[in-house]
Amino acid sequence: QVQLVESGGGLVQAGGSLRLSCTASGRTVIAPSVGWFRQAPGKEREFVAVITYNGGSTYYANSVKGRFTISRDNAKNTVYLQMNSLKPEDTAVYYCAADSAGRLTPIRETYNYWGQGTQVTVSS
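Report on the accompanying structure. (Residues numbered from 1 in each chain as written. Predicted model: local features only at pLDDT ≥ 70, side-chain atom pairs only at ≥ 80, totals over all residues. Heavy atoms only, no water.)

**Considering the pairing of strand β9 (residues 92-99)**
Within β9, seven of the eight residues are buried, leaving the element largely enclosed by the surrounding structure. Inspection of the sheet shows β9 paired to strand β10 (residues 113-114) by two bridges, in the antiparallel sense. Considered in β10, the bridge of A98 is made with Y113. (Buried < 20%, exposed > 50% of the residue type's maximum accessible area, 1.4 Å probe, protein only. Helix = DSSP H or I, 4+ residues; strand = E, 2+ residues; numbered from the N terminus. Pairing = 2+ DSSP bridges.)

Written out as structure tokens, the structure is:
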């Protein structure tokens, strides 16, 4: 099994920044891509961003493009989500997920490992 643990969430004012981390442990997952998703109260879990194993390819949801940056440090088994210019509508629980097949995809069902989530709250 692979365990994913998110950290870095919190309360921030609109226009502020946060950096989320997703650290993996457990059985090695070969060349996984890692994505970030988020779920606001009463809404479906939605795709935010994804990065391939070597970091060479990334893909973002239109709603965060230009404000969020996904990156990874494989030596630390950690993927980051730098979130700038935060808006109240970014408020959600943020989850990281790994696709052991290494695909660059926004489709939630393709991810086979999930973390427990970290709360991000943006006040207006």
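Next, the rest of the story.
**Re the sheet that holds strand β8 (residues 78-83)**
The strand order across the open sheet built from four strands is β1-β3-β8-β7, with neighbouring strands paired in antiparallel fashion. Bordering the open sheet on either side are β1 (2-7) and β7 (68-73), each of which pairs with just one other strand. Shown here is a sheet whose adjacent strand axes are inclined to one another by a mean of 15°, direction ignored. Bridging between β7 and β8 involves six bridges; their strand directions are antiparallel. From the neighbouring strand, T69 faces β8, where its bridge partner is Q82. (Axes fitted to C-alpha atoms, helices over the stretch in contact; angles between N-to-C directions.)

**A look at unusual backbone geometry**
Despite not being glycine, N77 has its phi angle at roughly 50°, a positive value. Residue placement: N77 occurs in the loop between β7 and β8.

**What about the nonpolar core?**
Of all hydrophobic cores here, the largest spans 33 residues; its most connected members are W36, V48, F68, I70, L81, M83 and Y94. If you list the elements that add at least two residues to this core, you get β1, β3 (18-26), β4 (33-39), β5 (46-51), β7, β8, β9 and β11 (118-123). (Core = buried A, V, L, I, M, F, W, Y, C linked by side-chain atoms within 4.5 Å.)

**What about the pairing of β3?**
Both β1 and β3 contribute to a ladder of six bridges, which runs antiparallel. For L4, the partnering residue across the bridge sits in β3 and is A24. The pairing of β3 with β8 spans six bridges and is classified as antiparallel. Each residue of the ladder has a partner; that of S21, found in β8, is Y80.

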